[in-house]
Amino acid sequence: EDQVTQSPEALRLQEGESSSLNCSYTVSGLRGLFWYRQDPGKGPEFLFTLYSAGEEKEKERLKATLTKKESFLHITAPKPEDSATYLCAVQVSGGYQKVTFGIGTKLQVIP
Amino acid sequence: DAGVTQSPTHLIKTRGQHVTLRCSPISGHKSVSWYQQVLGQGPQFIFQYYEKEERGRGNFPDRFSARQFPNYSSELNVNALLLGDSALYLCASSPMGQGALNEQFFGPGTRLTVL
């Protein structure tokens, strides 16, 4: 069964304190890995798609990387407005395009 | 361009009742998926529709059903509501074709409370 594990479950950072969120996955064949940001009570907001090991994507203070077993979301010099839950999801090869989500990492950035 | 829209925003029902949730995808997107998100958890896959046909079903009971209309909008129906059905119901649309990468864009969700 496809599994997505995110760590830590919660992270508290001071403004400007860089860190990384981890997403490890166990799937039969990875078609793509997605990162989303979710604010309380709202739908997830699409951030990145990663296709293959070694790939990197950047957006403002966020950088996502992918290896064969895990992905990292690096947050450089975070600001309070980066506070949110960050969700990782995977799509496997073959069959229909089912996407499996992790539980998320709740990030709080303190001024 | 308008994003994914969902209605209603909030809904309160009692046990045993039936509910219908609605979703309009981004213009040009032919795939719609439904997810249930319980507080503190990631979204759980319920259904996927593409070109008006069911293409995937998650591990949910038969009380859950859905359909997609010719204009690609979709409805999620839940019968005989239980307290455990209380959750945020998310709709996501994707432009994907067969075998394509399922980059999904989510609506704001419908908050369902079952009393």
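Residues numbered from 1 in each chain as written. Chains lettered and ligands numbered in written order. Predicted model: local features only at pLDDT ≥ 70, side-chain atom pairs only at ≥ 80, totals over all residues. Heavy atoms only, no water.

## Brief notes about the interface of chain B and chain A
Phase 1 of the analysis: Contacts between the two partners involve 26 residues from chain B, matched on the other side by 21 residues from chain A.
Phase 2 of the analysis: Approximately 1800 Å² of surface area, both sides summed, lies buried where chain B meets chain A, with 55% of it carried by carbon and sulfur atoms.
Phase 3 of the analysis: For the pair chain B and chain A, the number of links is zero salt bridges.
Phase 4 of the analysis: The element contributing the most residues to the side of chain B that touches chain A is strand β6 (residues 53–57) of chain B, with three residues.
Phase 5 of the analysis: Residue classes in the side of chain B that touches chain A are distributed as 11 nonpolar, 12 polar and three charged. (Contact = heavy atoms within 4.5 Å. Buried area = accessible area lost by both parts, 1.4 Å probe. Salt bridge = Lys/Arg side-chain N within 4 Å of Asp/Glu carboxyl O. Helix = DSSP H or I, 4+ residues; strand = E, 2+ residues; numbered from the N terminus. Nonpolar A, V, L, I, M, F, W, Y, C, P; charged D, E, K, R; others polar.)

## Re the pattern of salt bridges
Residue and element names in this part refer to chain B.
Phase 1 of the analysis: One pass over the full model with this rule turns up 11 salt bridges over all chains.
Phase 2 of the analysis: Salt-bridge contacts for Glu 75 lead to Arg 22; the nearest nitrogen and oxygen are separated by 3.5 Å. With Glu 75 in strand β8 (residues 74–78) and Arg 22 in strand β3 (residues 19–24), this residue pair connects regions lying 53 residues apart in the sequence.
Phase 3 of the analysis: On the accessibility criterion, Arg 22 (42% relative accessible area) is partly exposed.
Phase 4 of the analysis: Its salt-bridge partner being Arg 63, residue Asp 85 comes within 2.9 Å of it at the nearest N-O pair. With Asp 85 in the loop between β8 and β9 (87–94) and Arg 63 in the loop between β6 and β7 (64–68), this residue pair connects regions lying 22 residues apart in the sequence. When sorted by exposure, Asp 85 lands in the same class as Arg 63, which is buried. (Buried < 20%, exposed > 50% of the residue type's maximum accessible area, 1.4 Å probe, protein only.)

## Topic: the sheet that holds strand β6 (residues 56–59) of chain A
Residue and element names in this part refer to chain A.
Phase 1 of the analysis: Here we have five strands laid out as an open sheet, ordered β1-β3-β8-β7-β6, and antiparallel in their pairing. For this open sheet the edge positions go to β1 (3–7) and β6, each flanked by a neighbour on one side alone. In this sheet, neighbouring strand axes are inclined to one another by 15 degrees on average, regardless of whether the strands run parallel or antiparallel.
Phase 2 of the analysis: Alignment of strand β7 (residues 62–66) against strand β8 (residues 70–75), held across five bridges, turns out to be antiparallel. (Pairing = 2+ DSSP bridges. Axes fitted to C-alpha atoms, helices over the stretch in contact; angles between N-to-C directions.)

## A word on the pairing of strand β3 (residues 19–26) of chain A
Phase 1 of the analysis: Pairing of β1(A) with β3(A) involves five bridges; the strand directions are antiparallel. If you follow Thr5(A) over to β3(A), its bridge partner there is Ser24(A).

## Remarks on the sheet that holds β8(B)
Sheet strands line up and pair through hydrogen bonds in the backbone, either parallel or antiparallel.
Residue and element names in this part refer to chain B.
Phase 1 of the analysis: Strand order in the open sheet formed by four strands is β1-β3-β8-β7, and the pairing between neighbours is antiparallel. Each edge of the open sheet is held by one strand with a lone partner, namely β1 (5–7) and β7. In this sheet, neighbouring strand axes are inclined to one another by 15 degrees on average, regardless of whether the strands run parallel or antiparallel.
Phase 2 of the analysis: Across five bridges, β3 lies against β8 in antiparallel orientation. Bridge pairing links Thr 20 to Asn 77 in β8.

## Description of the pairing of strand β5 (residues 44–50) of chain B
Phase 1 of the analysis: The buried fraction of β5(B) is high, at six of seven residues.
Phase 2 of the analysis: Linking strand β4 (residues 31–37) of chain B back to β5(B) in an antiparallel pair, the connection comprises six residues, with Gly40(B) at a positive phi of about 85 degrees.

## So, the state of the cysteines
Phase 1 of the analysis: Using the criterion set out here, one finds two disulfides over all chains in the structure.
Phase 2 of the analysis: A sulfur-sulfur separation of 2.0 Å characterises the disulfide bridge that pairs Cys23(A) with Cys88(A). Residues Cys23(A) and Cys88(A) share a disulfide whose torsion about the S-S bond is about -60 degrees; that sign makes it left-handed. Of this pair, Cys23(A) sits in strand β3 while Cys88(A) is found in strand β9 (residues 84–92), placing the two residues 65 residues apart along the sequence. We note that Cys23(A), like Cys88(A), is buried.
Phase 3 of the analysis: Paired through a disulfide, Cys23(B) and Cys91(B) show a sulfur-sulfur distance of 1.8 Å. Here Cys23(B) and Cys91(B) share a disulfide; its torsion about the S-S bond, -60 degrees, makes the bridge left-handed. Here Cys23(B) is found in strand β3, whereas its partner Cys91(B) is found in strand β9, with 68 residues between them in sequence. (Disulfide = S-S within 2.5 Å.)

## A look at the side chain of Gln68(B)
All names here are of chain B.
Phase 1 of the analysis: Looking at where Gln 68 falls in the secondary structure, it is placed in strand β7.
Phase 2 of the analysis: A relative accessible area of 7% places Gln 68 in the buried class.
Phase 3 of the analysis: Looking at Gln 68, its side chain comes within polar contact range of the main-chain oxygen of Lys 30, at 3.1 Å.
Phase 4 of the analysis: Apart from the residues within four sequence positions on either side, Gln 68 is in contact with Lys 30, Ser 31, Val 32, Tyr 49, Tyr 50, Glu 51, Lys 52, Glu 53, Ser 73 and Ser 74. (Polar contact = N/O pair within 3.5 Å; in protein donor to acceptor, adjacent residues only side chain to side chain.)

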